[in-house]
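Structural overview
Residues per chain are reported as follows:
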Amino acid sequence: MPVVQVPANPKIYHITHLRNLPQIVEAGALWSDARRMKLGVDCEIVGMSNIKRRRLEELEVHCHPGTKVGQYVPFYFCPRSIMLYILHMGNHPELNYHDGQRPIVHLQCDMMETIKWAEANGVRWAFYDRNAGGYLANFYKTPADHDRQGRQASGVPGLRVFSLGTR
């Protein structure tokens, strides 16, 4: 099995609908689903509602006890996530969104700078080794864990995901 080398400056990616950009710019923030719902923010949702519900209600971020996956903004380690393919195909039975991937915007951040910002601002962050919409994800909260997991990764792109909590 190939070993994945962790880049010196890993990037993380968040996808959102083009219609959501004005709200993101106005707020100066990306909101987790939990925070977005609490604030009553109306936006174009491109995910699957059953997975979003499970992230909000069931799935805990074990490295930050008492928090749920839906309290974090998801980022991917690869710019082309499997979700983009699902959006492109538009035929998944649990998908309510059917505008394809053309109006999807990719936001890119430097992971280490994001971690520095989060820690300086009291924002929890974590990464996990597989889809956090399922029940098998392992959660981590230190850059050393990221490096260790990167060396042990299977070489399959997009399995590891970074999440940033919201204040």
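These numbers come from a predicted model, not from an experiment. (Residues numbered from 1 in each chain as written. Predicted model: local features only at pLDDT ≥ 70, side-chain atom pairs only at ≥ 80, totals over all residues. Heavy atoms only, no water.)

Focus on the overall build of the protein
Inclusion rule: The way it works is that DSSP assigns letters per residue, a run of H or I at least four long becomes a helix, a run of E at least two long becomes a strand, and they are numbered from the N terminus. Partly exposed residues are those whose accessible area sits between 20% and 50% of the maximum for their type, while under 20% is buried and over 50% is exposed, using a 1.4 Å probe and protein chains only. The contact criterion used throughout is that any non-hydrogen atoms of two residues lie within 4.5 Å. The Shrake-Rupley method, run with a 1.4 Å probe sphere, supplies the accessible areas, and residue values consider only the shown protein chains as cover.
The number of helices and strands found in the protein is 6 helices and 6 strands. The order of helices and strands in the protein, counted from the N terminus, is β-α-α-α-β-α-β-α-β-β-α-β. Across the 167 residues that make up the protein, the buried fraction comes to 42%. Across the protein, contacts joining residues at least 24 apart in sequence account for 70% of those joining residues at least 6 apart. Carbon and sulfur atoms make up 54% of the accessible area of the protein, which amounts to about 9500 Å² in all.

Some remarks on helix α3 (residues 49-57)
So the rule is basically this: By arc we mean the arc of the directions from the helix axis to the C-beta atoms, nothing more.
Within α3, the full set of buried residues consists of Ile-51, Lys-52, Arg-54 and Arg-55. Considered in projection along α3, the buried side chains sweep an arc of 160° and stay on one side of the axis. In this fold, the buried residues of α3 make contact with α2 (33-39).

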